[in-house]
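Single-letter residue listing:
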Number of protein chains: 2
Amino acid sequence: MTKYVYLFSEGNGSMRELLGGKGANLAEMTSLGLPVPQGFTITTEACTRYYSDGETIGEDIERQIDEYMEKMEGICGKKFGDRKNPLLVSVRSGARASMPGMMDTILNLGLNDEVAAGMVELTGNPRFVYDSYRRLIQTFSDVAMELDKRRFEEIIDEVKATKGIKQDIDLDTEDMKTLVARFKEFYRECKGVDFPSNPKDQLMAAVKAVFRSWNNPRAITYRRLNDIPGDWGTAVNVQSMVFGNMGEDSGTGVAFTRNPVTGEKKLYGEFLMNAQGEDVVAGVRTPSHIDTLADTHPEIYKQFSEIAQTLEKHYRDMQDMEFTVENGKLYMLQTRNGKRTAQAAIKIAVDLVAEKMCTKEEVIMKVEPKQLDSLLHPQFDPEALKRATPAVTGLPASPGAACGKVYFSAEDAVMASTERGEKTLLVRLETSPEDIEGMNIAEGVLTVRGGMTSHAAVVARGMGKCCVSGCEDIIIDEKARYCVINGTRINEGDYISIDGSNGNVYIGVIPTVAATVSGDFATFMGWADEIRRLKVRANADNPRDAEVALKFGAEGIGLCRTEHMFFEADRIKAVREMIVSSTVEQRRKALAKLLPMQRSDFEGIFRVMAGHPVTIRFLDPPLHEFLPQEESDIAALAEEMGLDVAELTATVKSLHEFNPMMGHRGCRLSVSFPEIAEMQTRAVIEAAINVSREGLNIVPEIMVPLVGDPKEFHYVRSIIVRTADEIMNETGVKLDYHVGTMIEIPRGALLADEVAREAEFFSFGTNDLTQMTFGFSRDDAGKFLGDYYSKKIYESDPFARFDSFGVGKLVKIASELGRSVRPDIKLGVCGEHGGDPMSIDFFEKEGLDYVSCSPYRVSIARLAAAQAALRNSH
Amino acid sequence: MTKYVYLFSEGNGSMRELLGGKGANLAEMTSLGLPVPQGFTITTEACTRYYSDGETIGEDIERQIDEYMEKMEGICGKKFGDRKNPLLVSVRSGARASMPGMMDTILNLGLNDEVAAGMVELTGNPRFVYDSYRRLIQTFSDVAMELDKRRFEEIIDEVKATKGIKQDIDLDTEDMKTLVARFKEFYRECKGVDFPSNPKDQLMAAVKAVFRSWNNPRAITYRRLNDIPGDWGTAVNVQSMVFGNMGEDSGTGVAFTRNPVTGEKKLYGEFLMNAQGEDVVAGVRTPSHIDTLADTHPEIYKQFSEIAQTLEKHYRDMQDMEFTVENGKLYMLQTRNGKRTAQAAIKIAVDLVAEKMCTKEEVIMKVEPKQLDSLLHPQFDPEALKRATPAVTGLPASPGAACGKVYFSAEDAVMASTERGEKTLLVRLETSPEDIEGMNIAEGVLTVRGGMTSHAAVVARGMGKCCVSGCEDIIIDEKARYCVINGTRINEGDYISIDGSNGNVYIGVIPTVAATVSGDFATFMGWADEIRRLKVRANADNPRDAEVALKFGAEGIGLCRTEHMFFEADRIKAVREMIVSSTVEQRRKALAKLLPMQRSDFEGIFRVMAGHPVTIRFLDPPLHEFLPQEESDIAALAEEMGLDVAELTATVKSLHEFNPMMGHRGCRLSVSFPEIAEMQTRAVIEAAINVSREGLNIVPEIMVPLVGDPKEFHYVRSIIVRTADEIMNETGVKLDYHVGTMIEIPRGALLADEVAREAEFFSFGTNDLTQMTFGFSRDDAGKFLGDYYSKKIYESDPFARFDSFGVGKLVKIASELGRSVRPDIKLGVCGEHGGDPMSIDFFEKEGLDYVSCSPYRVSIARLAAAQAALRNSH
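In short, a report on the structure. Computed from a predicted model, the values in this text were never measured in an experiment.

Rules behind the numbers
Residues numbered from 1 in each chain as written. Chains lettered and ligands numbered in written order. Predicted model: local features only at pLDDT ≥ 70, side-chain atom pairs only at ≥ 80, totals over all residues. Heavy atoms only, no water. Contact = heavy atoms within 4.5 Å. Buried area = accessible area lost by both parts, 1.4 Å probe. Salt bridge = Lys/Arg side-chain N within 4 Å of Asp/Glu carboxyl O. Helix = DSSP H or I, 4+ residues; strand = E, 2+ residues; numbered from the N terminus. Expected span 1.5 Å × (residues − 1). Buried < 20%, exposed > 50% of the residue type's maximum accessible area, 1.4 Å probe, protein only. Polar contact = N/O pair within 3.5 Å; in protein donor to acceptor, adjacent residues only side chain to side chain. Axes fitted to C-alpha atoms, helices over the stretch in contact; angles between N-to-C directions. Left-handed = near helix turned anticlockwise from the far one by under 90°. Pairing = 2+ DSSP bridges. Least-squares fit on C-alpha atoms with pLDDT ≥ 70 in both.

## Description of the interface of chain A and chain B
Accessible area lost upon the coming together of the parts is a frequently used measure of interface size. Each partner contributes residues to the interface: chain A has 54 residues there, and chain B has 54 residues. Interface of chain A and chain B: buried area, both sides summed, is about 4,600 Å²; carbon and sulfur atoms make up 58% of it. Summed over the three residues of chain A that lose the most area to chain B, namely A:Met662, A:Arg747 and A:Ile793, the buried surface amounts to 14% of that side. Counting across the chain A and chain B interface gives two salt bridges. We note a salt bridge from A:Asp803 to B:Arg747, for which the minimum N-O separation is 2.6 Å.

Structural data, given as structure tokens:
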């Protein structure tokens, strides 16, 4: 019979898949002899069974739970539901991967009227007991029974109003009893039955609620954003309760073995005396720094420090621990590898190697590549900052600077960003898991309440998003959509700027600049570069981007999009002239105007890249993208170009496409208008020759986009080769250059052997390849992808995470076919997937030669490539 | 050294690839001892060399031509360019496949002033000699030197005007001399040099011109329409001239061993005395029936009849022969398997088997499947015809009836058809190869001049297009765009009706009806059915189409598109109600209205198909296709539906898609709105149960469109199975049904093994699969496919001819993957390629189970499937 339940003393830290992260670590701490309130873990397999059995808990599982509850009672020396010696338990989710706050927790299970009375006798603390009791009813009703939790808050407010008090802390024992009674009454109204007094019923309902919470919408969103598979399921931890709210000798806290913001090697954390864990995490009260515990409770501090060291050494990583002190006795409730800022992650990694705790290879695997993003995120322009004065200061919860229009709800921020393309800042009293989409889309997050470990802070750090938390000087009215910062009223849509590295908040706009990276970062990235096999290039269309790319460690340009140059103000006119040409001669004339501009663009890029490879893609978008579409704009253009309005309107109309993504673009333009390819070849080759004369070794790579047929590639390549030969004859200079193609059309991939007979390299254009292979366009898929996530058909956006399952098959086919006729063919990737770590893992496995991504993602790609190399060398 | 030139006496009929059809047949006739003017053939390989050598003739080839010219002189006992005993030659193209009139011919090569003078002495016929000479200059200048041929006609008109004569025949010797002089003068003006008097120069220029003509635009178009590969090249036949225009004892003609229109076993043809071949083919003079030759020249007729029989027995097929009589002596200039109408093809095939000349398998291969189309083409409605009187009658050049708006140029007809979707009739004085696109697009062709073997007649029969030729009673002014038929002026755009089976021309509209097929046709198709392995189904969306499909021999319905039913007037309202629903409840309400309508549709189809398989595809197009797009229409709809205009406008807007082809359609609709799939399942299953109760064995096949992921298919299939189970529970009837998918998304093909775990059948939707695999949409590709043809990147429209090279690879992959997990998976095709013979050949090779095509193409598919089976059994 399958074992679905494990005592903490039966498991260990390696059983994360079965017991979840929290369960495995509780077991591991137990085996290390640390003071852990005992209990048992119901496995992730039980959760999977729950779903495959149609959302019911099988009898065999229920029997095991009963059995282990008895064992637990034996270990704790208390009895669940017993009046005289009651065992109270918490029920907490715990998935393989940490999903903080995404799933449900219920505390104080095992309380009912009788047990409460018994506990009053035992503790002599009736207020505590009835406070715990009303919390149980409140949470249980919300989490397990899905009653409206706002009604409970209203009842509390009503009781407070009757008594004329403001703070929960001022509610006395009688008030708590009133709350218990009124909560039960509301429960009965809603459910038609009494609140379950049988602890066993409470427990089973709580376990089910945790299983169910695996598939609540915010958990699904979180998994999608964090690439956690939906079929893992969550474990459930049933743990004996300890109480941090039993008086001034009790408390609860969260601490890290090193500073999660800076990486400094020093115990870092917060605690609240006379409080339960939820008070710390929810950010309702602002806690004290862990250091103060050394003064107030030195023995506890000492014991905790030692445990922290033990755990860090044991796990060989920075730990994030939860603890509770009950009547002077320390209990460890959880430990896990701590989330940290990118800056801290790098410092800790470098320190762990220096301390000989880890090898370079080990620490390379400890840093999440996506996190590096925040290091490369903008900081305030130092000059502009000199002139700025912070209006208020909060906690520096997640580093980086941000500037945007203020919105007071996640929905409003999402709407402003997606519909109006605004840069937004989310300003909230405090955030909750419902805000996760809004936080993801905003430039930064500012909260009025909550500490460094509040929801906002933890989530923002995970996202690499700038966050200032606990900025209590701000007066906020979320409903009326305004706040007051240092006396200034800020309405929705007004600009503010925040700095998550120091907690400063500024009114108005402060421009931001990119960060520079050196020191530990350079050391760490150097290790990554030693380890990785995949080359990393950047997508850059101009000398400025090329410089940034080089600075971030790019080894070449994998995609230089020539059309971006076409949009610049000084050349769009010539481009339009070319498009509206009705004869080849007119078109050649317009192209002749573009030639010197393109040539000098390429010269600039070649100079910056100083001999590193540069891949230049020929004109790709459909021509109508360069023309105005509105009547008035067309009329203005006609006037400017001296054309007949009707004629120009007809031209614009004739260029209309039903499916622009599948229209006249890419190399199809070169087939129709070979003179465009001639001009672009001339610009590339002449620029390369000119810059070569300055002493640089330039070997340009010309990339033909959207190839779907070997003859099509042959045709365009012939134009390129003929033109290049002409130029070399004219100039008497012999220049090496390569001609290759993008593989972004399924047919190009399927016929890659034929294409490779003439193509010297392939660059997988995974954006288009994904569109064509899935048969949906990126612009239109938004309408239905949400349904695909919620119905668990797709778990991630195939445009962000490379689909190794389907599109990957085409990449594999094309790579094999290409190599079959040209064993040394160079294979790269230049879609946006080139900067996505999980996608990079696939490209490493396939043995591609390089990935190319946006300059700001180069560091991520370098680290991801190193991790992929390590992962695939095992 | 490669042999590039063959004497007629060196080759034989099996050397078609090397010598072309004409060359191989001339050699074969020579070896049969028939009277053939001797000469040599320059091979198709020489043509290929010509192109690979940059459009030049290699020295080695030129040396061989010289050598063989000497041999030919020896055989003919004449000398090329010799004044006393001159050899004159014709130079004719001859590709592997017959391309009548598409490429160039030059006659009378070897004439110059001196030779002409010599010939006058030899023949005593100076008018004939100078007529031949001026024809040489005229054709050579046009064909080999690309001078404007209209100028030559003008010169002739000027000379005639000076002399006050109307007919060419009235030009005397002096006039011919004048023409020679003025033609030469014009030549010198244009080219700056004299007309080449050296016969060798004339010959080489003519050979080059023929090679070049392989790639003239009309030849490229012809090849594309007839699926002839562009890399075959043409051979060149250099043949000693014989003259049908040496007087009343000379003549020239074309004849068939059987009637090419009806198939009747009787010599059939036309001849003109005192004429050259071009006079017959060009349709300038109307020739006499071959029977009259029996009266006027009985020995020649007898000799020709015997030769005709010899050739037909030899080739075991109906022959199309060209002959010339020179001073009473018969020469055979060409024989080939004759083009024939579909009706004739069937009759000849059945007769050849009855005559024991061929086996069933052999005659199955002799009929071009596409031709059957014309048999199934509409005839006039007999009732309407009773009330109609023919205004005039021409020659019944190609059978079938047609009715359309008159256009007097191919360009106008093309424009009217493509831009305004009009049904057109092309009315011309006579057609020429330039008209081929217009003939292809028109419903029928009517010419004023030309016989049964004129260009119009031959080409129309090849196309299976209705044609009336030689209708000399019509007065036509093509430039002014009108004609006068029996006193009635017909302007461009007026309707006429023509019957190609009897030559009748009617003014106004006569409705047409589909043909019925039986007799020889049924016999022949029965043989095809015995031979073929592939099943043939039809695409049909309603009982009417299903009936037609059954009549044409369909073995089931491979594609029943449910959305076509949605557009019908009585249900579009409910469909729109469904679309604009903002809640599931509203949508269910609208769907409930559609259910009985869909159910009764399916009942109707099931009844007609009486147990044959029916595959029903669920809703496929994006929802916006069902809504109006124009402002005024939206307003009207809002009024009708009692909706707010702004709200409805917003709904329409929100459904807009950037790339509708890659948008929210197919099974994506079922994922977003499972209630649509539920309703459609209910309609199918309930209909099947109802009709089963009538005693028919109905096993519906439900087809999920646009599947790209196994989980997606699983999701939709689950809805179908759950709903079907519900209905079976409700009704207590157990019904067999199958659920399968279309494979039309590349990813679906790549993951076909995963999809096949649950899919019981695949139907390849080759239209969409072609779009996605090529990465271009059918609606947009028109803009650039022309460039791809002219640049020889693609040789045929991938939407008409299945791309076995690229898309075929995906079909192969999907078939293999599908069978790997489900060995008996049923594989079909329901794109338009299912009715295309060359595509069917590929599907046979891949071992698919069936093809499905439009009802009118079922016969074609049956024959093509039989041919494919024979071809692939070798």
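Following the structure, the description resumes.
## Here we look at helix α7 (residues 173–191) of chain A
All names here are of chain A. Helix length check: α7 (19 residues) gives 27 Å between terminal C-alpha atoms against 27 Å at 1.5 Å per residue, within 8%. Buried within α7 are the following residues: Thr173, Asp175, Met176, Leu179, Val180, Phe183, Lys184, Phe186 and Tyr187. The inward-facing, buried residues of α7 abut α4 (113–123), α5 (126–143) and α6 (149–163). For α7, the N-terminal cap is Asp172; the gap from its side-chain oxygen to the backbone nitrogen of Glu174 is 3.1 Å.

## Quick look at the packing of helix α32 (residues 766–774) of chain B against helix α34 (residues 807–821) of chain B
All names here are of chain B. The N-to-C vectors of α32 and α34 enclose an angle of 115 degrees; their axes lie 9 Å apart at closest approach. Of the two elements, α32 crosses α34, and the hand of that crossing is right-handed. Within the contact between the two elements, α32 uses Leu769, Thr770, Thr773 and Phe774 and α34 uses Val807, Leu810 and Val811.

## A word on the sheet that holds strand β10 (residues 288–289) of chain B
Residue and element names in this part refer to chain B. Pairing is antiparallel across the open sheet formed by five strands, whose spatial order is β10-β9-β8-β11-β12. Of all the strands in the sheet, the pair left with one neighbour each is β10 and β12 (329–337). Here six bridges tie strand β8 (residues 251–256) to strand β11 (residues 319–326), and the two strands are oriented antiparallel to one another. Note that in β11 the partner of Val254 across the bridge is Glu322.

## Describing the pairing of strand β21 (residues 482–485) of chain A
Side chains on a regular strand alternate between the two faces of the sheet. Residues and elements named next belong to chain A. Summarising the sheet, strand β20 (residues 475–477) and β21 pair through three bridges and their orientation is antiparallel. Each bridged residue has a counterpart across the sheet, and for Ile475 the counterpart in β21 is Val484. Between β20 and β21, which pair antiparallel in sequence order, lie four residues; one of them, Arg481, sits at a positive phi of approximately 60 degrees. In the sheet, β21 pairs with strand β22 (residues 488–491) via four bridges, with the strands oriented antiparallel. Across the sheet, the residue bridging to Val484 is Arg489, located in β22.

## A look at the relation of the copies chain A and chain B
For the pair chain A and chain B, the best superposition has an RMSD of 0.2 Å and corresponds to a rotation of 180 degrees with a translation of 0.0 Å parallel to the axis. With respect to symmetry, the two chain copies, as superposed, fit the operation of a two-fold axis. Measuring from the rotation axis to each C-alpha of chain A, the shortest distance belongs to A:Asn659, at 2.1 Å. In this assembly, 100% of the residues forming the interface of chain A have copies in chain B that are likewise at the interface, indicating an isologous arrangement.

## A look at helix α8 (residues 199–213) of chain B
Residues and elements named next belong to chain B. Across its 15 residues, α8 extends 21 Å between first and last C-alpha, which sits within 8% of the 21 Å expected from 1.5 Å per residue. Where burial is concerned, most of α8 is hidden: 11 out of the 15 residues are buried. Every buried residue of α8 is accounted for by Pro199, Gln202, Leu203, Met204, Ala205, Ala206, Val207, Ala209, Val210, Phe211 and Ser213. For α8, the side-chain oxygen to backbone nitrogen distance between the N-cap and Lys200 is 2.9 Å, and the N-cap itself is Asn198.

These values are about where atoms sit, not about what they do.
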